[in-house]
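# Topology and contacts: notes
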Amino acid sequence: MKVKTMKKAIAVVFAAALVAPFGLGSQASAKDGDGRQINERPIANLKQGGTFRFVQVDICPNFNTSAIEGNLLNCSQVMNTMLPNYIYFDKDAKIQVDQNYAKSIKASRVGGKQTVTYDLNPNAKWSDGKKIGLKDFVGMWNALKGTDKTYKITSSVGYEKIESVKKGANDDQIVVTFKETYADWQPLFSGLKPASLTATSAAFNDSWKNGPNVWAGPFRPATGKGASSFLDKVGRLITVERNPKWWGQGPVLDKVVFKALPQAAQIAALLNGEIDYMDIGNDINALKQARDNAKISVRVAKAPTHEHFTFGPPTAVTREVPVRQAIMLSIDRDAIAKAIQGVVDPKVKPNNNHVFLDGTACTQDNTGKLGKRDINAAQALLTGAGWSKGADGIYQKGGTRLSVKLIYPSNNDNRRDTVLLASAQAKEAGIELVPTLIPTADYFGKYVLVSNFEMALFAWVGTNFPISSTSNIFRQGAAQNFGNIGSAEIDALFTKANNILDPKKRCEFANQADAKAYELVHSITLFQRNNVVGVPKNVANFGAFGFTSIDWTTVGFTK
């Protein structure tokens, strides 16, 4: 089973048939030197069984990854072992169909309308014995198309363009018809949810908070009592085990344990043999220790993850576009990128595109006049908007001080340093960014996901379909647009990009939208993070996946 998160997730499965005119293409590309590093080994060379200990920063608050509360990378990491995904990305980042779930996925035009036909694997069943089929597809469409606002969904992108989901020639064939052309149809219905979860908004929003009730993957929630059970909130552990009802190639591992540890404690746990994986990211100290340890392998790949400052709901200060522009101009993004990421990637540079990162087609600099630090320009914008410098050097207007709380999570030295650097830089321009520490356990659930912040630092984990997945971040009223900063013009440009098939035109429209988003300063992009992980050297078929997918059935330890 191969898996890949297909929507934007906060740091958020597909092999054979494809057809014109709507091929399984994406905007991702594996560049020379940027391919994955996973120590690929044949299953015959691996030990059968064993437990893989996968570290996370926190435990998942809701295992429904289609709900906004479950739109976290750590939730997707767990559920990717247990849910159907119909496509995956091979070692060359090329899209494929996962034969465990579908024999083919074919797109065509029927009666002038875009139609996608799923021929399902008849052996694919949910854990309750029900075949995966029409009710599940219809239920997911109804829940995610956005018409019933009681469903607290992550995104309706793509689903709202579907006209119907019907039975095809037999019970194993699903026909999805679109109202209008939608280019990034491929990731729809990934991480398919059972009809029982989508039947009501109450079930959708809350019934999987302590774990899935139904599953359909090579692993299942661990059974038993105490620490051996699926969710151990005291021990901060989530455990999955081999699914005896799995119809595909059986996994090498007996279990995967997802263990929550503060970022600062993870490197010691890796070096002491307590865990089998650490996302080193841009943790310079952890990287050095891992590289110096003879038992640890550091694996690196280019990845669709980028750090950024995002504005929350506009306040008396941040509601003014010139103020947001001045804040961006006051920050030296190049200096921050080199300070935080330079040791990991000496060639690091600021990220100048919200949509297309390095490793994807169509990337270009969309920052315009805001791309490079310019204190004089920042102050001119503030003066022109009626702000004047106070006695303490901080600008003010009408009794309002130009002060913005910038939140960051605890136990993360790099994000702390990022915020402190930005705060010091902004102060030179007469702008006060107040570093505000938030406990990691509360950061997303009580602050970011509920738009309870003025500015926040976190990372978006992108997808191989950057246009459709990113559009939800900028669309007015969308759940992932935390500050609701946007415009009808941006929405229209993304709509055009999603409604045509011509790759060149799609990129043009998306880049135009991105340039407008920079003008409004929806968010301030900082730098793209490499996928840098540390694992014991005997870990096989696992590591830095970059733009490719993990196959949990092949992960294991060498003999």
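Refer to the structure presented above.
Here's a quick rundown of the structure.

Rules used throughout
Residues numbered from 1 in each chain as written. Predicted model: local features only at pLDDT ≥ 70, side-chain atom pairs only at ≥ 80, totals over all residues. Heavy atoms only, no water. Phe/Tyr/Trp six-rings, centres within 6.5 Å; stacked < 30°, edge-to-face > 60°. Helix = DSSP H or I, 4+ residues; strand = E, 2+ residues; numbered from the N terminus. Lys NZ or Arg CZ within 6 Å of the ring centre and 35° of its normal. Disulfide = S-S within 2.5 Å. Salt bridge = Lys/Arg side-chain N within 4 Å of Asp/Glu carboxyl O. Buried < 20%, exposed > 50% of the residue type's maximum accessible area, 1.4 Å probe, protein only. Pairing = 2+ DSSP bridges. Axes fitted to C-alpha atoms, helices over the stretch in contact; angles between N-to-C directions. Contact = heavy atoms within 4.5 Å. Expected span 1.5 Å × (residues − 1). Polar contact = N/O pair within 3.5 Å; in protein donor to acceptor, adjacent residues only side chain to side chain.

### A few points about the packing of aromatic side chains
Going through the model one piece at a time under the given rule, you end up with 32 aromatic pairs. When the centroid spacing of 6.1 Å and the interplanar angle of 80° are considered together, the rings of Phe54 and Phe542 count as edge-to-face. Placement of Phe54 in strand β4 (residues 51–56) and of Phe542 in the loop between β24 (539–540) and β25 (550–551) is noted, with a sequence separation of 488 residues between them. Judged by centre distance (5.2 Å) and plane angle (85°), the rings of Tyr277 and Phe542 are edge-to-face. Taken together, the positions of Tyr277 in the loop between α5 (263–271) and β15 (278–279) and Phe542 in the loop between β24 and β25 put the pair 265 residues apart, joining distant regions of the chain. A connected cluster of aromatic rings, assembled from ring pairs, spans Phe52, Phe54, Phe258, Tyr277, Phe542, Phe545, Trp552 and Phe557. Stacked on the ring of Trp141, the Lys or Arg Lys145 has its end atom at 4.2 Å from the ring centre.

### Quick notes on the state of the cysteines
Going through the model one piece at a time under the given rule, you end up with two disulfides. What pairs with Cys362 in a disulfide is Cys507, and their sulfur atoms sit 1.8 Å apart. Where Cys362 bonds to Cys507 through sulfur, the torsion about that S-S bond is close to 45°, and the disulfide is right-handed. Of this pair, Cys362 sits in the loop between α8 (333–341) and α9 (375–384) while Cys507 sits in helix α14 (residues 503–520); the two residues are 145 residues apart in sequence, bridging distant segments of the chain. Here the disulfide map of the protein chain reads 1-2, 3-4, the bonded cysteines being numbered as they appear in the sequence.

### A closer look at the pattern of salt bridges
For the structure on display, the rule yields 26 salt bridges. Its salt-bridge partner being Glu432, residue Arg401 comes within 3.1 Å of it at the nearest N-O pair. Linking Arg401 in strand β19 (residues 400–401) with Glu432 in strand β21 (residues 432–438), this pair joins segments that are 31 residues apart in sequence. When its relative accessible area of 24% is taken as the criterion, Glu432 is described as partly exposed.

### Looking at the sheet that holds strand β7 (residues 102–110)
With antiparallel pairing, four strands are arranged side by side in an open sheet as β7-β8-β10-β9. Only two strands of the sheet have a single neighbouring strand rather than two, namely β7 and β9 (162–167). On average, each strand axis in the sheet is inclined to that of its neighbour by 15°, with strand direction left out of account. Alignment of β7 against strand β8 (residues 113–120), held across eight bridges, turns out to be antiparallel. By the bridge assignment for β8, Ala107 is matched with Val116. Of the strands in this sheet, β8, β9 and β10 (173–178) are in contact with helix α2 (residues 134–144), which crosses β9 at around 165°.

### Section: helix α12 (residues 466–474)
The element α12 is extensively covered by neighbouring structure, given that nine of its nine residues are classed as buried. Every buried residue of α12 is accounted for by Pro466, Ile467, Ser468, Ser469, Thr470, Ser471, Asn472, Ile473 and Phe474. Its buried side turned inward, α12 meets β22 (455–461), α13 (488–498) and α14.

### Considering the environment of Leu231
Tracing the backbone through its elements, the reader meets Leu231 in strand β12 (residues 231–232). In this structure, Leu231 is in contact with Ile59, Phe63, Asn210, Leu237 and Ile238, ignoring residues within four places of it in sequence.

### A short note on α14
With 18 residues, α14 should cover 26 Å at 1.5 Å per step; its first-to-last C-alpha distance of 26 Å lies within 8% of that length. All of the buried residues along α14 are Arg506, Cys507, Phe509, Ala510, Asn511, Ala513, Asp514, Ala517 and Tyr518. For α14, the elements touching its buried residues are α7 (321–330), α12, α13 and β23 (523–536). Taking the backbone nitrogen of Lys504 as reference, a side-chain oxygen 2.9 Å away marks Asp502 as the first, capping residue of α14. Taken from the residues just after α14, Val521 is the one with a positive phi, measuring 55°.

Shape is all these values report; function is a separate question.
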